[in-house]
Amino acid sequence: MRTLVAAGLILAAGLGVFTWASDGWRAVTAEGARRLAVAAHPVTIPGVTMEDMDGHVLHLSQFKGRVVLVEFIYTTCPTICQELGAGFAEVLERVRKRGMGNQARLLSISFDIDNDTPELLRHYGQHHGADGTIWRVARPTSRRDLEALLAAFGVKVVPDPLYGFQHNVAVHVVDREGRLVRIVDTEPDEVVAALMRQVGRL
Amino acid sequence: MTPVLPKPPLLAGVALWCLLALPAVRGALEARLATHVLVELLGLVVAGYLIGIALRPLLTPPLRNWNRHGLTGLALAISCGAVWMLPRWIDAALESPAVETVKFASLPLLLGLPLALSWNQLGTILRGFVKANFLSMLLFLGWLYIAAPVRLCNSYLIDDQRLLGTAFIALAGLLSLLWSLPLFFSRGSVVDGGPIPTH
């Protein structure tokens, strides 16, 4: 009897801890946890200075008043970042078609600040159709800014001996006030739906 | 009269625990996902199990009534193991010293130790049930870690993840062999001879 009570209590407590540890069975990975946390508690993004594909200075604060879709890339990436670029090209086209060009911005941020020169950023941008107005490709200008940005977005970059880096594959939605409010998969339908919801068109 | 504790397992368990906690060892094992899980986490459970073997004589009748057939200890071990199977806590242990400390305390004390105090009391059927579930869980995890197209742990490379998946499947194969061997060689009752089931 005592054993049954003790074992039952422990199992109930274990179930409680597991429920807490998985955000109510909703997030088993750090990526899932990051997305839930952001949706529940938006994160203010630090106003760092960047350098864009045309060599222009870019302050994150200049996007205030517009919804910004952010993804992290490095231009020499052979696989995923090229898919990210193709996905953003599709999103850009739909943004234009729906006449949201004034309300939305797309930003591809390189975390490989040592190698991704403005020339390489421009090459990546041109290859995928970034127009330099609605969609810009940029890099932080210092390692400190980069670290602050990655920390705020919750992006984890791991050096890969074979391919350069491995990193989170996601689109980050920053609202008009400069707060990270949502993280979604890179599938254009999902990205555009998240954008429209944020702009208030859905 | 206080029962005499068998010293060698106690010493071995504490030594293993301390060894795994050394910063250099921790750094080396946690550099790769496969060694983090299969050497460090499993090692911590083994350390607790060894200490638990040494503490078995302390589990005298009044205390024993709380752990009949080893059910309470098994419940504790399963609860603890389930939480550490969530990939996000592997990431969290790397990022947060507090989570790392909880990891180093909970795996030996809440998983290995209660398992050692309970395993020899579990009925044959329950023991077989636990083993079968452990094997199927290893195979499932192996498949998941090999087939997942994205990183399950953001801190590790996807190749590492596939390596761990392959290792899970190899471990499942090895354990099923070890656990089924006594069936061919024993007469009458099946004697338990396999290693400790943990994740």
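Residues numbered from 1 in each chain as written. Chains lettered and ligands numbered in written order. Predicted model: local features only at pLDDT ≥ 70, side-chain atom pairs only at ≥ 80, totals over all residues.

K.L.:
What is the right way to look at the nonpolar core in this model?
P.N.:
Nonpolar side chains in soluble globular proteins tend to be buried together. Residues Leu 44, Val 45, Ala 47, Tyr 49, Leu 50, Leu 111 and Ala 116 of chain B are the most contacted members of the largest nonpolar core, which totals 48 residues. A per-element tally of this core places helix 3 (residues 33-55) of chain B first, with twelve residues. Residue contacts for Ala 47 of chain B: discarding those within four places in its chain leaves Gly 13, Leu 16, Trp 17, Leu 20, Pro 108 and Gly 112 of chain B. Leu 60, Leu 69, Cys 77 and Cys 81 of chain A belong to the second largest nonpolar core, which has 44 residues in total. (Core = buried A, V, L, I, M, F, W, Y, C linked by C-beta atoms within 7 Å. Buried ≥ 20, exposed ≤ 12 C-beta atoms within 10 Å, placed from the backbone. Helix = DSSP H or I, 4+ residues; strand = E, 2+ residues; numbered from the N terminus. Contact = placed C-beta atoms within 7 Å.)

K.L.:
Where do I start with the domain arrangement of chain B in this structure?
P.N.:
Think of interface size as the accessible area that goes away when the parts come together; that is how it is often given. All names here are of chain B. When its domains are assigned, chain B resolves into domain 1 (1-121) and domain 2 (123-192). Relative to domain 2, the C-alpha centre of domain 1 lies at a distance of 19 Å. Domain 1 puts ten residues into the contact, and the matching count from domain 2 is eleven residues. Looking at the side of domain 1 that touches domain 2, the elements with two or more residues in it are helix 3 and helix 6 (87-95). Tallied by class, the residues present in the side of domain 1 that touches domain 2 amount to seven nonpolar, one polar and two charged. (Domains from an automatic or database assignment. Nonpolar A, V, L, I, M, F, W, Y, C, P; charged D, E, K, R; others polar.)

K.L.:
Which parts of the structure should I look at to understand the domain arrangement of chain A?
P.N.:
According to the domain assignment, chain A contains domain 1 (2-36) and domain 2 (42-199). Look at where the C-alpha atoms of domain 1 of chain A and domain 2 of chain A centre, and you get two points 35 Å apart.

K.L.:
Any chance you could explain unusual backbone geometry here in plain terms?
P.N.:
Most peptide bonds take the trans configuration, and most residues that are not glycine carry a negative phi. Of note, the phi angle at Asp 23 of chain A is positive, near 50°, even though the residue is not glycine. With respect to the secondary-structure elements, Asp 23 of chain A resides in the loop between helix 1 (2-21) and helix 2 (30-40). For His 69 of chain B, which is not glycine, the phi dihedral falls at a positive 55°.

K.L.:
Just checking my understanding: could you explain helix 8 (residues 124-147) of chain B for this structure?
P.N.:
With 24 residues, helix 8 of chain B extends 34 Å between its outermost C-alpha atoms, agreeing within 8% with the 34 Å of an ideal straight helix rising 1.5 Å per residue. Where helix 8 of chain B is buried, its residues meet helix 9 (158-185) of chain B. (Expected span 1.5 Å × (residues − 1).)

K.L.:
Is there a simple way to think about the packing of helix 3 (residues 80-97) of chain A against helix 4 (residues 118-128) of chain A in this case?
P.N.:
Axes are the key here: two packed helices are described by the angle between their axes and the distance separating the axes. Residues and elements named next belong to chain A. Running from N to C, helix 3 and helix 4 point in directions that differ by 55°, and their axes come no closer than 9 Å. Here helix 4 runs oblique to helix 3, going by the angle between their axes. The interaxial crossing formed by helix 3 with helix 4 has right-handed handedness. In this structure, helix 3 uses Gly 85, Ala 86, Phe 88 and Ala 89 to contact helix 4, whose residues at the interface are Tyr 124, His 127 and His 128. For the contact of helix 3 with helix 4, a count of residues per class yields four nonpolar, three polar and no charged. (Axes fitted to C-alpha atoms, helices over the stretch in contact; angles between N-to-C directions. Parallel < 35°, antiparallel > 145°, perpendicular 65-115°, else oblique. Left-handed = near helix turned anticlockwise from the far one by under 90°.)

K.L.:
Can you walk me through the interface of chain A and chain B in this structure?
P.N.:
Contacts between the two partners involve 24 residues from chain A, matched on the other side by 25 residues from chain B. At eleven residues, the largest contribution of residues to the side of chain A that touches chain B is made by helix 1 of chain A. Grouping the constituent residues of the side of chain A that touches chain B by class yields 14 nonpolar, six polar and four charged.

K.L.:
How do you make sense of the pairing of strand 2 (residues 49-52) of chain A when you look at a structure like this?
P.N.:
Regular strands have side chains that alternate between both faces of the sheet. Residues and elements named next belong to chain A. Of the two faces of strand 2, only the one carrying Met 50 and Asp 52 is buried; Thr 49 and Glu 51 on the other face are not. By the bridge criterion, three bridges tie strand 2 to strand 3 (residues 57-59) in an arrangement that is antiparallel. By the bridge assignment, Glu 51 is partnered in strand 3 with Val 57. Between strand 2 and strand 3, which pair antiparallel one after the other, the connecting turn spans four residues, and Gly 55 there sits at a positive phi close to 80°. Pairing between strand 2 and strand 6 (residues 135-140): three bridges, direction antiparallel. By the bridge assignment for strand 6, Met 50 is matched with Pro 140. (Pairing = 2+ DSSP bridges.)

K.L.:
How should I be thinking about helix 1 (residues 7-21) of chain B in this particular structure?
P.N.:
Helical geometry: 3.6 residues make up each α-helical turn, so side chains three or four residues apart lie on a common side. Residue and element names in this part refer to chain B. Helix length check: helix 1, at 15 residues, gives a terminal C-alpha distance of 21 Å against a target of 21 Å (1.5 Å per residue), a fit within 8%. Along helix 1, the residues classified as buried are Gly 13, Trp 17 and Leu 20. Mapping the buried residues of helix 1 onto a view down its axis gives an arc of 75°, with all of them on the same face. Across from the buried face of helix 1, at angles greater than 90 degrees, the exposed residues are Lys 7, Pro 8, Ala 15, Cys 18 and Leu 19. Where helix 1 is buried, its residues touch helix 2 (23-30), helix 3 and helix 7 (97-119). (Arc of directions from axis to C-beta.)

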